[in-house]
Structures are given as structure tokens and as C-alpha cells.
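Next come the chains, spelled out residue by residue.
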Amino acid sequence: MASTKDILTALTSVDGISSAVCVGRDGFVIDASAAPGADVDAIGAMVSTGLGSAESVGKELGVGGLTQAMMEYKNGVIVMTAIGVDAILAVVAAESSSLGNVRMQVKKRKRDLEAIL
Amino acid sequence: MAPEKIDRLGANALLYSFTKALHRAVGGSAAAVMRQAGPDMLKELGALGINGLDSSDLHVLEERLGKLTKELGFCDDISFEEDGDDLKLHVQGCSFWELTQGLKEEGIPPFACPFAGIAVALVEKNMDVRARIKEITPEGERASLIHLELVRKQG
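Parameters at a glance
Counting of residues starts from 1 at the beginning of each chain's written sequence and follows it residue by residue. Labels follow written order: the first chain is A, the first ligand is 1, and so on. Per-residue local features of the predicted model are confined to residues with pLDDT of at least 70, and side-chain atom pairs are confined, for both listing and counting, to 80 or more; whole-chain, interface and lining totals are unaffected and use all residues. Values shown for side chains rest on all heavy atoms present in the structure; no hydrogens or waters enter the calculation. For two strands to count as paired, DSSP must find a minimum of two bridges between them. Each helix is a run of DSSP H or I of at least 4 residues and each strand a run of E of at least 2, with the numbering of both proceeding from the N terminus. Note on method: axes are straight lines fitted to C-alpha atoms, helices fitted across the in-contact stretch only, with angles between N-to-C directions ranging 0 to 180 degrees. By the convention used here, residues are in contact when the closest approach between their heavy atoms is within 4.5 Å. Classification of residues uses two cut-offs on accessible area relative to the type maximum, computed with a 1.4 Å probe and protein chains only: under 20% is buried, over 50% is exposed, and between them is partly exposed. The directions from the helix axis to the C-beta atoms form the arc being described. By buried area we mean how much accessible surface two parts lose on assembly, using a 1.4 Å probe and totalling the loss over both. Salt bridges are counted wherever a side-chain nitrogen of Lys or Arg sits within 4 Å of a carboxyl oxygen of Asp or Glu. We call two N or O atoms a polar contact when they sit within 3.5 Å, provided that within protein one can donate a hydrogen and the other can accept it, with sequence-adjacent residues counted only if both atoms are side-chain atoms.

A.B. asks: Got a minute to help me understand the sheet that holds strand 5 (residues 87-93) of chain A in this structure?
C.D. replies: Pairing between the strands of a sheet is mediated by backbone hydrogen bonds and can be parallel or antiparallel. Residue and element names in this part refer to chain A. Read across the open sheet, the five strands follow the order 2-1-5-4-3; overall the sheet is antiparallel. The sheet is open, and its two edges are formed by strand 2 (29-33) and strand 3 (69-73), each paired on a single side. Strand-to-strand twist in this sheet, taken as the mean axis angle between neighbours without regard to direction, amounts to 15°. In this sheet, strand 2 lies alongside strand 1 (residues 17-24) in antiparallel orientation, the contact comprising four bridges. By the bridge assignment for strand 2, Ala 20 is matched with Ser 33. On the sheet, helix 1 (residues 4-12) packs against strand 1, strand 2 and strand 5 and is oriented at approximately 150° with respect to strand 1. In this fold helix 2 (residues 40-61) packs onto strand 1, strand 2, strand 3, strand 4 (76-83) and strand 5, with an angle of close to 70° to the strand it touches most, strand 4.

As C-alpha cells, this is what we get:
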């Protein structure tokens with residue numbers, strides 16, 4: 001069975017995806033495949049609170065649970081999804097990436113991570 | 001002039017309101033905010049002139065953390081119990097009891113426990129491990145068990 005690291009490395013081998021991080025809800029970085037020098041602990045906290053905030057918006061507006069969140073920035077895109085109740089997967093992709101493919105890859109690897117976490 | 005010491009219940013009420021709002025804003029991810037706050041708590045305590053929290057010896061850290069938390073009125077006593085990859089902190093006479101109990105009554109986990117936040121930052125800074133809060137459970141009146149999992153760094 002593939003490890004968490006294997007799954008994240010597979011994600012960063014996808015064209016356009018530069019970082020993939022799996023974090024606990026508590027911000028604890030479970031594993032990461034990221035560019036050298038990236039502060040993955042800080043990323044973990046931001047990813048967790050970012051997804052938590054998006055979930056709270058959905059709760060307040062009565063639109064149900066969050067399945068996936070995507071944030072578009074000037075120079076890139078971040079896609080996040082919950083892995084079970086205690087973890088989150090986030091990937092960083094270039095703004096020129098095929099967003100459909102990035103989202104599909106995240107959805108596919110979410111199932112793989114849910115099987116091992 | 002305001003008194004030198006703030007009332008404990010007043011401080012708890014303020015912290016309770018803040019942490020409840022934080023939980024409402026980001027849900028269970030509020031724990032990630034506390035994880036980020038831990039290193040700053042250590043830094044700010046250092047700025048108050050409370051140093052010595054820089055030993056890799058767990059017994060030394062226990063003694064110094066206990067001394068400082070008592071001096072600051074955070075608790076009456078704190079002790080460590082290490083068992084392999086588990087580190088348990090026993091806190092007696094907790095001054096933040098009303099805060100964590102109030103959150104608990106609202107169905108919110110005690111993510112704002114300052115002892116847990118400080119302990120995680122302390123062991124990660126000094127012991128070359130990563131730490132994660134497994135659970136925080138009451139051990140009687142104003143007493144809590146904080147259970148940390150120590151995750152050894154790979155490579």
C-alpha cells in the first residue's frame with residue numbers, strides 16, 4: 001500500500017502542482033511534498049484554518065458540508081479537501097495549470113489518503 | 001490606577017469569549033491557531049524575563065515550567081510523565097478551569113488550553129521531536145491530564 005509520502009509525491013509529479021500537504025485539523029503536518037525552504041508548519045496552520053473558515057461559511061449559510069475548496073490567487077491556485085474528519089489535503093498549483101485536472105487529481109488522491117489515515 | 005493583578009474570573013471570561021468566537025469562525029481548525037500560538041507564548045514568557053526553558057532534559061523542563069507557571073499564577077502544580085512516545089502532563093489547581101469548562105459546556109473541545117500549547121512548543125523546541133495533543137481530560141476539580149503524542153523526526 002502506498003504511504004502518505006508516496007501519494008503526495010505522486011501529486012507533485014502532476015504537471016503544474018508544486019506542493020502537496022496533508023495536515024491534521026490541529027495544524028500538525030502529517031506529511032508534505034513541497035519545494036525546499038517552504039515553511040510547511042505555517043502552511044499546515046493556514047490550510048487548516050482556511051478550510052475551517054470555508055466550512056463555517058457553509059454552515060452559517062446552510063449549504064451543507066464542504067467537499068472541496070479552491071482559492072485562486074494572482075500567481076497560483078490552492079485546492080483543499082477534507083480527508084475524513086481529522087485531516088486535510090491541500091495542493092498548490094500554478095495559475096496556468098489545467099484546473100480540471102488538478103481538481104480531479106485531488107479527488108482521486110483523497111480516496112487513497114482516506115484509506116490509509 | 002488599575003490593580004497590578006487582573007481578576008482570574010475576569011480573565012477567564014475574556015478568554016472564553018475570544019476562543020468561543022474563534023471556534024465559531026474556523027470550527028475544529030481553531031486548534032491549529034493554538035499550535036501557532038505556542039511558540040509565541042514561549043517567546044513572550046521569555047520577554048517577561050522568564051528564561052531557562054531551553055533544556056533537552058525533560059526533568060529540567062518540568063521543574064522550570066512548573067516554577068514559572070506557579071509564579072505567574074497559572075496553576076498550583078504541573079508534572080510530567082513520559083512513557084515512550086507519550087508525554088502526559090498533570091496540571092493541578094488550573095487557573096483557566098472556567099475557560100475550558102465553559103467551552104466544554106458549549107460542546108467545544110478545550111483547544112485553548114495554554115498549558116497544552118506551551119507544552120507542545122516547549123518539547124518541539126527542545127527535544128527534536130514533533131508533538132501532537134491527543135487529549136485533554138479532567139482529573140478532578142481544577143485538575144487536567146494533557147496527553148501529548150511525541151512524533152520522532154524521520155531522517
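We are not done yet, so read on.
A.B. asks: Help me understand helix 1 of chain A in this model?
C.D. replies: Every α-helical turn comprises 3.6 residues, leaving residues that sit three or four positions apart pointing alike. All names here are of chain A. Along helix 1, the residues classified as buried are Thr 4, Ile 7, Leu 8 and Leu 11. The arc enclosing the buried residues of helix 1, seen along the axis, measures out at 95°, which places them on a common side. Packed against the buried residues of helix 1 are strand 1, strand 2, strand 5 and helix 3 (99-116).

A.B. asks: Even after reading the chapter, I still don't get the pairing of strand 2 of chain A, so can you show me in this structure?
C.D. replies: Among the five residues of strand 2 of chain A, four are classified as buried, and the element is accordingly described as predominantly covered. As consecutive antiparallel partners, strand 1 of chain A and strand 2 of chain A are separated by four residues, and within that stretch Gly27(A) has a phi angle of approximately 85°, a positive value.

A.B. asks: How do you make sense of the interface of chain A and chain B when you look at a structure like this?
C.D. replies: By a widespread convention, an interface's size corresponds to the accessible area lost as its parts come together. In this assembly, 18 residues from chain A lie in contact with 15 residues from chain B. For the pairing of chain A and chain B, the buried interface totals around 1,300 Å² over both sides, and the portion due to carbon and sulfur atoms is 50%. On the chain A side of the contact with chain B, Asp26(A), Phe28(A) and Thr49(A) bury the most area, a combined 45% of that side's loss. Counting every contact that joins chain A to chain B gives two salt bridges. The partner of Arg24(B) in a salt bridge is Glu60(A), with the nearest N and O atoms 3.3 Å apart. Between the two partners, chain A and chain B, sit six residue pairs in polar contact (both at pLDDT 80 or more). Those elements that provide at least two residues to the side of chain A that touches chain B are strand 2 and helix 2 of chain A. Ranked by the residues each element gives to the side of chain A that touches chain B, the list is headed by helix 2 of chain A, at ten residues.

Such coordinate-based values are descriptive only and should not be taken to indicate function.
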